[in-house]
Structures are given as C-alpha cells and as structure tokens.
Amino acid sequence: MPVKIKRVYDEPDKADGLRVLVDRLWPRGLAKDKARVDLWAKDVAPSGELRKWFAHREDRWEDFQRRYRAELAENAALDELCARNEKHTVTLLYAARDECINHARVLAAVIAERSGRHAETDQPDEGAMEVSSPPCFLHELDPAWLETERRDDSGETADRESNDQPSHKKTGRSQ
C-alpha cells in the first residue's frame, strides 16, 4: 500500500488510511481527541539529540538525512511500521512547519524503499522521489533573489545567523 505524509494539523481525509504520528513529542496546541491519530509511533522519530542538532536548518538537511537513516537502520519499530504499511495505506503525520525539510520525508522514503514502492511525497530525497510542490523548490532558488541574504557595503554576503541558531525565515521571527 502507499505511504503518504501530511502535517498533523491538516484536515484528516478518508484516503489517509492508517494515520500514524511519527514525532517524538506531541504536537503543540493539538488536543489528542482532535488529532485523529490511529497510532503514535514515537520510536521511529529521530532521537532527541539528532532532532535538537538538526533544528530544521536547511544547511544541515543532507547530513540529517544520512544520520537519521543510520538511526532507522537499527530501529525495530520501523519493522512494525513497514508491516502495517503492507496491509494499509499509511499516512505519516508530522508537526514541523517546513513541509519540505522534515524527518517524515526521510521516513516515508525508507519505508517505500523497504517495500519496493514509491512514497507519495513531493520532495526529492536520496531515494529517487518526484518533486511536484512549488514550495519545495524554494531551497533551489537564488537566496539573493529571495532577499534572504544580506550584503555588506562591498557586496559580500554577510553572515545573517550564527552557526548554532535555527533559521526562522518562514515565520519572520527574530532571535
């Protein structure tokens, strides 16, 4: 059966099949009775250490994928999730704001690879996945065009954030 991904805050759909929350922490501001989650598989989520290190920083995305795949290779809970996917359409639910750079995409790709099928996602991963969503192309655009880079008087790119602070470009929040 197909494996899909979806934000847990999005409206449930009958086509979702088995709705599995794959975050280690319960989503903020979401009551358990409103979430319509069939299974909370927090053991397949990235470790707390990896999650905190990643902080949804785009510059860490490739390394995050490699590290998370290494964690999943030794994860018994993944086998159970793959077995459920053999019998049901599974929708992996995540709370991250970024629809393109999040652990659910990696997890969907791993489940699809194990089952020999294609995950229904819209972000390319190290496994061959198709891109179909315009927001997922943003990381490929010139940052200067998006005005996400600052230039100093000489025209050089100015360091906008410290190396250890997460980016808040999408929300407009400042540190």
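Residues numbered from 1 in each chain as written. Predicted model: local features only at pLDDT ≥ 70, side-chain atom pairs only at ≥ 80, totals over all residues. Heavy atoms only, no water.

*Asks:* Which parts of the structure should I look at to understand the packing of aromatic side chains?
*Replies:* Evaluation of the coordinates by the stated rule reveals five aromatic pairs. Arranged with centres 5.1 Å apart and planes meeting at 75 degrees, the rings of Trp26 and Trp40 form a pair that is edge-to-face. Of this pair, Trp26 sits in the loop between strand 2 (18-21) and helix 1 (32-35) while Trp40 sits in strand 3 (residues 39-40), and the two are 14 residues apart along the sequence. Taking relative accessible area as the criterion, Trp26 reaches 24% and is therefore assigned partly exposed. Here Phe54 and Trp61 contribute two aromatic rings whose centre-to-centre distance is 5.9 Å and whose plane-to-plane angle is 35 degrees, an arrangement assigned as tilted. Assigned by exposure class, Phe54 and Trp61 land together as buried. Residue placement shows Lys42 over the ring face of Trp40; its charged tip is 4.2 Å from the ring centre. Taking NZ or CZ as reference, Arg67 lies 4.0 Å from the ring centre of Trp53, over its face. (Phe/Tyr/Trp six-rings, centres within 6.5 Å; stacked < 30°, edge-to-face > 60°. Helix = DSSP H or I, 4+ residues; strand = E, 2+ residues; numbered from the N terminus. Buried < 20%, exposed > 50% of the residue type's maximum accessible area, 1.4 Å probe, protein only. Lys NZ or Arg CZ within 6 Å of the ring centre and 35° of its normal.)

*Asks:* Please clarify how unusual backbone geometry should be interpreted in this entry.
*Replies:* Generally, phi is negative for residues other than glycine and the peptide bonds are trans, each holding for most cases. Non-glycine residue Arg36 carries a positive phi angle of around 50 degrees. Relative to the elements of secondary structure, Arg36 occurs in the loop between helix 1 and strand 3. Arg36 gets classed as exposed once you look at its relative accessible area, which sits at 52%.

*Asks:* Would you mind going over a negative patch on the surface with me for this structure?
*Replies:* On the surface, a cluster of negative charge is contributed by Asp10, Glu11, Asp13 and Glu99. With respect to the helices and strands, the residue Glu99 is situated in the loop between strand 4 (90-94) and helix 5 (103-115). (Patch = residues over 30% accessible without salt bridge, like charges linked within 9 Å, V, L, I, M, F, W, Y side chains within 5 Å. Areas by Shrake-Rupley, 256 points an atom, 1.4 Å probe, with all protein chains shown as cover. Salt bridge = Lys/Arg side-chain N within 4 Å of Asp/Glu carboxyl O. Lys, Arg positive; Asp, Glu negative; His and termini not counted. Charge placed at Lys NZ, Arg CZ, Asp CG, Glu CD.)

*Asks:* Got a minute to help me understand the pairing of strand 1 (residues 3-7) in this structure?
*Replies:* On a regular strand, one side chain projects to one face of the sheet and the next to the other, so that they alternate. The buried fraction of strand 1 is high, at five of five residues. Alternating residues of strand 1 divide into Val3, Ile5 and Arg7 and Lys4 and Lys6, and every residue in both groups is buried. Direction of pairing for strand 1 relative to strand 4: parallel, over a ladder of five bridges. Counted as the bridge partner of Lys4 is Thr91 from strand 4. (Pairing = 2+ DSSP bridges.)

*Asks:* Hey, could you run me through the confidence of the model for the protein in this one?
*Replies:* Note that predicted coordinates carrying low pLDDT should not be read in detail. Overall, the prediction assigns the protein a mean pLDDT of 76, with 66% of residues at 70 or greater. Across residues 137-151, where pLDDT falls below 50, the model places 20 contacts with residues more than four positions away in sequence or in other chains. Counting contacts from residues 160-175, a segment whose pLDDT is below 50, to residues more than four positions away or on other chains yields 23 contacts. (pLDDT = per-residue confidence, 0-100. Contact = heavy atoms within 4.5 Å.)

*Asks:* Would you mind showing me how to read the sheet that holds strand 3 here?
*Replies:* Pairing is parallel across the open sheet formed by four strands, whose spatial order is 1-4-2-3. Where the open sheet ends on each side, the last strands, each with one partner, are strand 1 and strand 3.

*Asks:* Help me out: how do you make sense of the packing of helix 3 (residues 61-73) against helix 5 in this one?
*Replies:* A pair of packed helices is characterised by two quantities: the angle between their axes and the separation of those axes. Relative orientation of the contacting elements helix 3 and helix 5 amounts to 50 degrees, with a least axis distance of 10 Å. Taken together, the axis directions place helix 3 and helix 5 in an arrangement best described as oblique. Considering how the two elements wind past one another, helix 3 and helix 5 form a crossing that is right-handed. In contact with Trp61, Phe64, Gln65, Tyr68, Arg69 and Leu72 of helix 3, helix 5 contributes His103, Val106, Leu107, Ala109, Val110, Glu113 and Arg114. For the contact of helix 3 with helix 5, the residue count by class is eight nonpolar, two polar and three charged. (Axes fitted to C-alpha atoms, helices over the stretch in contact; angles between N-to-C directions. Parallel < 35°, antiparallel > 145°, perpendicular 65-115°, else oblique. Left-handed = near helix turned anticlockwise from the far one by under 90°. Nonpolar A, V, L, I, M, F, W, Y, C, P; charged D, E, K, R; others polar.)

*Asks:* Before we go on, may I ask you to explain helix 4 (residues 76-87) in this structure?
*Replies:* Residue pairs three or four apart in sequence face the same way in an α-helix, which turns once every 3.6 residues. All buried positions along helix 4 are accounted for by Leu78, Leu81, Cys82 and Asn85. Along helix 4, the residues classed as buried sweep out an arc of 100 degrees about the axis, all on the same side. Away from the buried face of helix 4 by more than 90 degrees, exposed residues Ala76 and Lys87 are located. In the core, the buried residues of helix 4 are packed alongside strand 1, strand 2, helix 3, strand 4 and helix 5. Here helix 4 starts with a cap whose side-chain oxygen sits 2.8 Å from the backbone nitrogen of Ala77, and that cap is Asn75. (Arc of directions from axis to C-beta. Polar contact = N/O pair within 3.5 Å; in protein donor to acceptor, adjacent residues only side chain to side chain.)

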